[in-house]
Amino acid sequence: MTDMMVDSATTISSPADLAALQEQLAAAAEGRRRVLVCSTGCLAIGARDVEATFRSEVAAAGLIGEVDVVQTGCHGLCAMAPVAVIEPYDIVYGRNRVKYIPDVISQTVMNGDIIRRFCYGRDAEMAHVDDIPFYAHQTKRVLRNVGRVDPQKIDDAIQRGVYGAAGKALTTMEPDEVVGEVKASALRGRGGGGFPAGLKWEIRSWTAPCSRATRTAFWKA
Ligand code: FES
């Protein structure tokens, strides 16, 4: 696992600071070998054992520090559970089974070779994220990083640009500008009611207005 570069001593005062940090973190992560194991719905069909076996096999192969095994959110292909994505190749494997993991590490993680049986449609031509028809018709915006960020490492989120909008809002915008942006985005709650997020933020600002000096950030996803 890579060492954390961001800690409590890290100060970010402007979007430029954040962009510079993002660039630095992205350069450090370039080409990194990672196994991203879905650890949400896939848990119901053995993802925990799959992840644990990836970790133990990585250790047994002396690859700690070279290969990271990461718990992530859903990769979308839930029908192929348990699902894992292998970086830096962006190879998607479904129907992962514990007994095959040593093969996945030696062939795919270390060499980028494709094992057809785990591919979408069991077709090696559809091994990579960009070649899978299921993803071809999707344009992810709010969820574009789902399944790709290590939720336990803020470095990982920053290097994928997760905090770009928050950094801009907190350092360069007035509260009413932020509310206006969220209203214009037409972002709605995802809990079932679909309440407009911008309107909710506006109502919040009526009841407890904040100045640039006393900022309140609240988020819901
Ligand atoms: S729940 Fe695992 S891929 Fe969707």
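Residues numbered from 1 in each chain as written. Predicted model: local features only at pLDDT ≥ 70, side-chain atom pairs only at ≥ 80, totals over all residues.

A word on the overall build of the chain
Step number 1: Within the chain, the regular secondary structure consists of eight helices and four strands.
Step number 2: Traced from its N-terminal end to its C-terminal end, the chain shows the element sequence α-β-α-β-β-β-α-α-α-α-α-α.
Step number 3: When the backbone C-alpha atoms are referred to their principal axes, the chain occupies close to 60 × 40 × 25 Å.
Step number 4: Taking as baseline every contact in the chain between residues at least 6 positions apart, the subset at least 24 positions apart corresponds to 59%. (Helix = DSSP H or I, 4+ residues; strand = E, 2+ residues; numbered from the N terminus. Contact = placed C-beta atoms within 7 Å.)

A look at the sheet that holds strand β1 (residues 33-38)
Step number 1: The strand order across the open sheet built from four strands is β2-β1-β3-β4, with neighbouring strands paired in mixed fashion. The sheet is open, and its two borders are formed by β2 (67-72) and β4 (91-93), each paired with just one other strand. Averaged over all neighbouring strand pairs, the angle between strand axes comes to 20°, with direction disregarded.
Step number 2: Examined bridge by bridge, β1 and strand β3 (residues 84-87) share four bridges and lie antiparallel to one another. Its bridge partner lying in β3, Arg34 is registered against Glu87. (Pairing = 2+ DSSP bridges. Axes fitted to C-alpha atoms, helices over the stretch in contact; angles between N-to-C directions.)

Quick notes on the pairing of β1
As a general feature of sheets, a regular strand has side chains that alternate between the two faces.
Step number 1: Most of β1 is tucked away: five of the six residues are buried.
Step number 2: Strand direction decides the pairing type here: β1 and β2, joined by six bridges, are parallel. Looking at the pairing, Leu36 lines up with Val70 of β2.
Step number 3: For the crossover that starts at β1, traverses helix α2 (residues 47-60) and ends in the parallel β2, the hand is right-handed. (Buried ≥ 20, exposed ≤ 12 C-beta atoms within 10 Å, placed from the backbone. Right-handed = clockwise from strand over helix to strand, strands pointing away.)

What about unusual backbone geometry?
Step number 1: A cis geometry characterises the amide bond from Ala81 onward to Pro82, with omega recorded as -10°.
Step number 2: Residue placement: Pro82 occurs in the loop between β2 and β3.
Step number 3: Its identity as a non-glycine residue notwithstanding, Asp90 has a phi of 60°, on the positive side.
Step number 4: Inspection of the secondary structure puts Asp90 in the loop between β3 and β4.
Step number 5: Unusually for a residue other than glycine, Arg122 sits at a positive phi of about 50°.
Step number 6: Structurally, the position occupied by Arg122 is in the loop between α3 (101-109) and α4 (133-136).
Step number 7: Arg122 gets classed as exposed once you count the C-beta atoms within 10 Å, which come to 11.

Quick notes on α2
Step number 1: The end-to-end C-alpha distance of α2 is 20 Å, a good match for the 20 Å that 14 residues give at a rise of 1.5 Å each.
Step number 2: Taken as a whole, α2 has its buried residues at Ala47, Val50, Glu51, Thr53, Phe54, Glu57 and Val58. All buried residues of α2 lie within an arc of 165° about the axis, which places them on one face of the element. Every exposed residue of α2 that faces more than 90 degrees away from the buried side is listed here: Ala59 and Ala60.
Step number 3: Tucked inside the fold, the buried residues of α2 contact β1, β2, β3 and α3.
Step number 4: Backbone geometry just after α2 places Gly62 at a positive phi near 70°. (Expected span 1.5 Å × (residues − 1). Arc of directions from axis to C-beta.)

Note that all results are geometric; they support no functional claim without further evidence.
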